[in-house]
Every structure is written in C-alpha cells, then in structure tokens.
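The chain contents come next:
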Protein chains: 2
Amino acid sequence: MTERVNAILDAAENRIRRAGYNGFSFREIASDVGIKSASVHYHFPTKADLATAVAKRYRERFEEAVAKNEAAGAGRVETWKTLFRDSLAEDNRMCLCGILAAEKEGVPEVVADEARQFFEMGVSSIAEVSKDNAENSLAYGLNILATLEGAMLLAQSMGDNTLFDLATANLK
Amino acid sequence: MTERVNAILDAAENRIRRAGYNGFSFREIASDVGIKSASVHYHFPTKADLATAVAKRYRERFEEAVAKNEAAGAGRVETWKTLFRDSLAEDNRMCLCGILAAEKEGVPEVVADEARQFFEMGVSSIAEVSKDNAENSLAYGLNILATLEGAMLLAQSMGDNTLFDLATANLK
DNA sequence: GTCTATAATTTGATAGAC
DNA sequence: GTCTATCAAATTATAGAC
C-alpha cells in the first residue's frame, strides 16, 4: 500500500463520512490529495472500487484496534464505545459503515456488502463476551452496537458530542 | 395540500429513504409521479425546498401517530418502537431523518435542521415519561431513540428485519 | 504515475408556449 | 399546472502524451 494510495483512501474516507457515497466526487478527492482526477482513476478505476477499498480498510483497522485495546485491558463493550467516541470527538465523524448502510440502495452492492460485513464482525465481537446462550448473545451484540451507532447519529445531528456519552452511559 | 403535491412528497420520501438526499433526482421523482421534472420544480423550486417539505411532513405525521397510539393505550416507548418497526416491515425503509442525519454535511443546512428537530422531538417525547430528574430523563430518551435508530440501521444493512426486534427486545 | 483533453451522461434549474 | 426545450455545470470514466 503506497503512500499515495493511502492519502487517496484517507480523503475518500473523510468525504464519505461527511456526506455519504453520493456526496463526493473524484475531483474533490483529487483536490484533497493534490493531484488530478485521472490519477485517482489510475489507482481506483471506478467509484465502487474506491469506496470498497475504503470500507475494507476501515473494517480491518477496527478489528486491529479492538484487539489492541483489549490487550491493554479494556472490556469489549468499553473498547467499542471508546473507539466510536474517539472518532466522533476527533472530527465529528460518525461510523463510515453507518452512513453506507443508511443510503444502502444508493450505493453499489459490493459497497453495501462491505458495510454489512463490518456490522456482522461488530455484532459477533460484542456477542462473544456474553455468557448467555446463542440467541441472547446475538441480541446482546445487536443491542450494544445499535445503541452505539444510533448515539453517533443523534450526537452528530443534534450537534453535541456529549449526547453520545449520555446515550451510552448505561451500556455494559 | 393538493393530491399532486402529496404524490410528489410520497415519491421523494421513498427515494430519500432508500438512497439519501444525493441519491435521487427531480427526473426520478417526476417519473414516479407520472409528470415532467419541470412540473416538480413548479411545486418545489429547489431540491432543498422539496426535501425540507418531506422532512417536515414526516415529523408532523410522526407526532400525530405517537399521540394516536398513546390514546389507544400503548406506552410511549412501545409506541415509538412499533412505529419504527412497522415502517421497516412495510417496505424495508428506515427512518427518514436517520438517513438525513448520516449524510449531514452533504445536505443543505435547512434540511439537516429538520432532521435535528425530529430528533429533539423524539428525545423529549420519550424523556417525558421518565420519572427521573432532568439529566437522567434526557439520557433515557437519548438511549431509547439511539437504540431504535441503530437497530433500523443494522437490520437494513444485514438484510433481516427480525434483527430489529432482537436488538430492541430489552427496551422499556 | 500523472497529466491534458475530452467523451457521454446526468443534474438542478429556467424560459416560455399552451 | 404541465409541457417542450434548453442551459450551464458537474459527474464518472477513458485515451493518449509525457
């Protein structure tokens, strides 16, 4: 993964997290990186290719971050909460896959599928720490992840990141 | 509110709930309704006008539905849950304002503000039934609404509406 | 790898006839 | 109110020079 490719992915991730898949263009990405749109197409032929790569990197980084935080002694739920809260605090950006899921029918299927894979990974990751039976563990993972995603949505829309903490204060 | 204007709003609401604000065009709305795009512009000069009207009607209908369900004896949280679940079951459509909030920076400010007003209404509506102090009631309303919004997002992305019920089973 | 140039299409929006 | 016609701009994407 070259430096330039990473810069393109960074710009695309930022743009998508702000305005969605249909809210950014190759020319904007090119301008962010300091090149021309044809050069972006050289690295990622189609918009679907670019967005798929962004979502894939996002999921992989998240898995690594979960593993790292947990190795540092944090509980699984606390880890997911912290990762989302940090990304919200950092730059008012909610979850990439939350946005891609919201506009599902407006994005290429391969991209929507990457979002789906992120959520399956997240639900499993959280369900894993439940001591309950399979059905209840699934419900637990779904409930926690849903609350976190919704809390980011509300905090972003209402323009106050402390609302994320209030909405998720009782999660454990 | 004429019949034609309502048909335009219906089409626009459907399109936005599937693909977001930047995922539909005046020509598509016109085609849905059976007229030409210039006629849509006659009723709603700009895209921001159209989306604002859609979001306003959505909020008003929701407030009426909450009042009606409650008059029929349902609890406040159960009412909100039922309304969202029904709209999900009806046509796999998640909350209009959830989508507009997700792509916040990609929509005109007046439109994002309508989404914000919907969430403030929703949080207050749910917080209202809490017997706790102001801060805890706010946290309660935020938590319930966040979970419902996130549950719609996950169910839609993962392609299984029963996941909404699982994710929200413990809400009360 | 990056550029210029451009093709082909779509978009939001307007003018003016009926 | 709805239409045809059209504009100006933006979009995704490609061809070919360097």
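Located above this text is the structure these notes cover.
Residues numbered from 1 in each chain as written. Chains lettered and ligands numbered in written order. Predicted model: local features only at pLDDT ≥ 70, side-chain atom pairs only at ≥ 80, totals over all residues. Heavy atoms only, no water.

Right, let's get into the interface of chain A and chain B. Each side of the interface is counted separately: chain A has 39 residues, and chain B has 39 residues. Between the two partners, chain A and chain B, sit 0 salt bridges. For the pair chain A and chain B, the number of links is 13 residue pairs in polar contact (both at pLDDT 80 or more). If you list the elements that add at least two residues to the side of chain A that touches chain B, you get helix H1 (3-19), helix H6 (96-102), helix H7 (109-127), helix H8 (134-158) and helix H9 (162-168) of chain A. Sorting elements by how many residues they give to the side of chain A that touches chain B places H8(A) first, with 16 residues. Partitioned by chemical class, the residues of the side of chain A that touches chain B number 20 nonpolar, 10 polar and 9 charged. (Contact = heavy atoms within 4.5 Å. Salt bridge = Lys/Arg side-chain N within 4 Å of Asp/Glu carboxyl O. Polar contact = N/O pair within 3.5 Å; in protein donor to acceptor, adjacent residues only side chain to side chain. Helix = DSSP H or I, 4+ residues; strand = E, 2+ residues; numbered from the N terminus. Nonpolar A, V, L, I, M, F, W, Y, C, P; charged D, E, K, R; others polar.)

With that settled, the discussion passes to the protein's contact with DNA strand D. In the vicinity of DNA strand D, 17 residues are found, and the nearest of them are Arg27(A), Lys47(A), Arg4(B), Lys36(B) and His43(B). Taken together, the sugar and phosphate atoms account for 56% of what DNA strand D places within 4 Å of the protein. One of the backbone N or O atoms of Phe24(A) is found 3.4 Å from a phosphate oxygen in DNA strand D. Measuring from a phosphate oxygen of DNA strand D, one finds a backbone N or O atom of Phe26(A) at 3.2 Å. For the surface near DNA strand D, the per-class residue count stands at 7 nonpolar, 5 polar and 5 charged. (Near = heavy atom within 4 Å.)

As a further point, take helix H7 (residues 109-127) of chain B. Counted at 1.5 Å a residue, the expected span for H7(B) with its 19 residues is 27 Å, and the 27 Å between its end C-alpha atoms agrees. Among the residues of H7(B), those classed as buried are Val111(B), Ala112(B), Glu114(B), Ala115(B), Phe118(B), Phe119(B), Met121(B), Gly122(B), Val123(B), Ser125(B), Ile126(B) and Ala127(B). Check the buried side of H7(B) and you find it contacts H8 of chain A together with helix H4 (47-71), helix H5 (76-91), helix H6 (96-102) and helix H8 (134-158) of chain B. (Expected span 1.5 Å × (residues − 1). Buried < 20%, exposed > 50% of the residue type's maximum accessible area, 1.4 Å probe, protein only.)

Taken together, 17 residues lie near DNA strand C, and Arg4(A), Lys36(A), Ser39(A), His43(A) and Lys47(B) sit nearest. Between DNA strand C and the protein, one listed contact pairs a phosphate oxygen with a side-chain N or O atom of Arg4(A) at 2.7 Å. Between DNA strand C and His43(A) there is a distance of 2.7 Å, counted from a phosphate oxygen to a side-chain nitrogen or oxygen. Residue assignment for the surface near DNA strand C shows that the elements contributing at least two residues are helix H3 (37-43) of chain A together with helix H2 (26-33) and helix H3 (37-43) of chain B. The greatest single-element share of the surface near DNA strand C, amounting to 4 residues, is contributed by H3(A). The residue inventory of the surface near DNA strand C, partitioned by class, reads 7 nonpolar, 5 polar and 5 charged.

Note that all results are geometric; they support no functional claim without further evidence.
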